[in-house]
Amino acid sequence: MRVFSMPSVPAAHFMPPDQAAFQPLCAAAFDQARSRHVPVFLVIGTVPPEFSDASLSMQIAERTVPVQLLPGMRPDVELLCQRAGALFSGEGALPLAALLLDDARPFLAAPLPPAGFPLEPSRLYVWLSQADRRFAQNLPALTQQAAEVIRSLRIAPLSRPYSPKDASHDLLRALIAAEDKVSGGLNGKKAPFVCALRFLQHEGDEKSAHSALSRALDAMLCSPVYDPLDGGFFRAALTDDWRVPIPEKPLGMNAMLALILLDSGRRSEAIHVLDFMLSSCSLSAGALAPFVSASPESLTFTPEQVCASLGNEDGLRAVRLLNLRRQHAKPLPSVIPSRFSPVMDAPEDIPPLVPTLSPKMTPEDAAFLHRVTPALLRLRAARMPLRAASTVICEDCALAAAVFASCGRRLGEARYVQAAQRAVSYLIALPSNGLTPSYAPTSLLNAQPTCGASAALALALLTLGQDERMTEYRASGLRILHTALHAFVREDGLPMHTPQDAAAFFPRIPAIFDGELPSPAALLVHALLLADAQCPGEHYLEGVEAIWTAAAPAAKAHPLACAALIDAARVLTKSS
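Residues numbered from 1 in each chain as written. Predicted model: local features only at pLDDT ≥ 70, side-chain atom pairs only at ≥ 80, totals over all residues. Heavy atoms only, no water.

## Describing the nonpolar core
Counting 169 residues, the largest nonpolar core has F233 and W548 as the members making the most contacts within it. For this core, the leading source of residues is helix α14 (residues 394-411), giving 12 residues. (Core = buried A, V, L, I, M, F, W, Y, C linked by side-chain atoms within 4.5 Å. Buried < 20%, exposed > 50% of the residue type's maximum accessible area, 1.4 Å probe, protein only. Helix = DSSP H or I, 4+ residues; strand = E, 2+ residues; numbered from the N terminus.)

## Comments concerning the packing of helix α15 (residues 414-428) against helix α16 (residues 451-464)
The interhelical angle for the contact between α15 and α16, taken along N-to-C directions, is 140°, at an axis separation of 10 Å. Considered as vectors, α15 and α16 are oriented oblique to each other. For α15 against α16, the interelement crossing comes out left-handed. Contacts between α15 and α16 involve V417, A420, Q421, V424, L427 and I428 from the first element and L457, A460, L461 and L464 from the second. Along the lines of polarity and charge, the residues of the contact of α15 with α16 split into 9 nonpolar, 1 polar and no charged. (Axes fitted to C-alpha atoms, helices over the stretch in contact; angles between N-to-C directions. Parallel < 35°, antiparallel > 145°, perpendicular 65-115°, else oblique. Left-handed = near helix turned anticlockwise from the far one by under 90°. Contact = heavy atoms within 4.5 Å. Nonpolar A, V, L, I, M, F, W, Y, C, P; charged D, E, K, R; others polar.)

## Concerning unusual backbone geometry
Residue P95 is bonded to the preceding L94 through a cis peptide linkage, with omega at -5°. Inspection of the secondary structure puts P95 in the loop between α3 (75-88) and β4 (96-100). Cis geometry is found at the peptide bond from A440 to P441, where omega equals 0°. Inspection of the secondary structure puts P441 in the loop between β10 (439-440) and α16. Its identity as a non-glycine residue notwithstanding, A104 has a phi of 80°, on the positive side. Secondary-structure assignment places A104 in the loop between β4 and β5 (106-111). Judged by relative accessible area, which is 0%, A104 ranks as buried.

## Quick notes on the pattern of salt bridges
For the coordinates displayed, the defined rule picks out 27 salt bridges. For the salt bridge of D275 with R415, the shortest nitrogen-to-oxygen distance reads 2.8 Å. Of this pair, D275 sits in helix α10 (residues 267-280) while R415 sits in helix α15; the two residues are 140 residues apart in sequence, bridging distant segments of the chain. Judged by relative accessible area, R415 falls into the partly exposed class, the value being 33%. With a shortest N-O distance of 3.2 Å, R415 and E413 are connected by a salt bridge. Exposure remark for E413: the relative accessible area of 26% places this residue in the partly exposed category. (Salt bridge = Lys/Arg side-chain N within 4 Å of Asp/Glu carboxyl O.)

Next up, the structure:
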């Protein structure tokens, strides 16, 4: 059995075992785990406030080496831990907690409650029993589980060629079979699966694909997942009917949805989402925050609050258009977002309502809502304004810049193009060795260049470079694209999340599976296609073909997980 070695790094000072201090993901943490004969306890996401409980903190510090990683910093680690969660707990959504061996392989993982939902410490106690004093006796079994996680990412080679056209056919059948025809979207977790929506949008010749896309967009726009006041979509919903949203709006997902809405002919909705990104996600120096969040209570309204803010006549009309009529409101269902959530009692009274758009909206009604929205936003901001994340996830920022550049050119809006220019200028100015770091501000301790960040930045620069007046962006994009291809793509054409590095202590993981955003391999293919359009005859299409050939076995085995790559590689079918 292969064991992934780590460099010899002096162990950092760590807190005494009566207080859990979460340290960054680094080799020193695994050195501590090896010397203490305990696993590493990794939290991917913000550490829940319940972890400050003295008893729980002591348990974590005694039984594990606690480590924190923000989503987007190491997509390869996220993929490994999500795969462990899917295999051994049936769940793999972020944020999650994972237990890792001292050679950095996860053997157990499970999702934590999302932002805005409480955690039950006693439930985590039971889960941490996997890491108690019996850890040494259970080590052979846990090592086998960790090996199974690594094996799950290996795909057997194909016995016959598999074209992007074949993959598109299989993916369309899988999406139609998984569609929720009642509530829209896909069965199971209700989230804006932007990679699947983008694929359906490009399957314009298929009536079933067009219908599925329209149903999904209509359902999301008329549900609490969409915020009709300041725009933007929330990360996901916890019920099949989209009624309990997670109060967090991701930048990259909203950028993709703005592009999908614009290509679907929903111009006003697309502009609303773009304006939200521009106003709420903008940071200093042109950077874009990866998400904004708020407390669930600050997003709700009662009819009385709306009428007090707008007056009786305008208030009653706004209540009708925003579906805030109490007599038609159903109580929110009791949801348990994860195995670590407390069991919630059913609400006795109907709670305040989240604004949702009426599906029957006339242009006059839309103009009225546009006029009264500032007053409702002031009422919401008086409770607690949206909070933007302090760090910058470079892949999300670059992808949003690419969308700003594309939509700004098509809409004739210079402010979007200027936002894209500011964002790419910020990313280019980050300290690096030619490869884009995964996040900013960078840290020498755990900064790691990733394929997704470099591919998305190359895509953004090449999108800006489509304008003949911005050829300098094209040159920069081609330079970053060539560097990324050399660093992240293996000789057989398979893209990897991280560059070849002899000092790396995690295994290199293929970057072909979609998460919330398109996979790095799909971003690379899109960048190669833009490069081919701007510099024909430079063999960029051969790079697309090599990536597809290497990734085809995974696309055939997991079409839903490779939707973005299948969608991007369809150009090979057209060119042949």
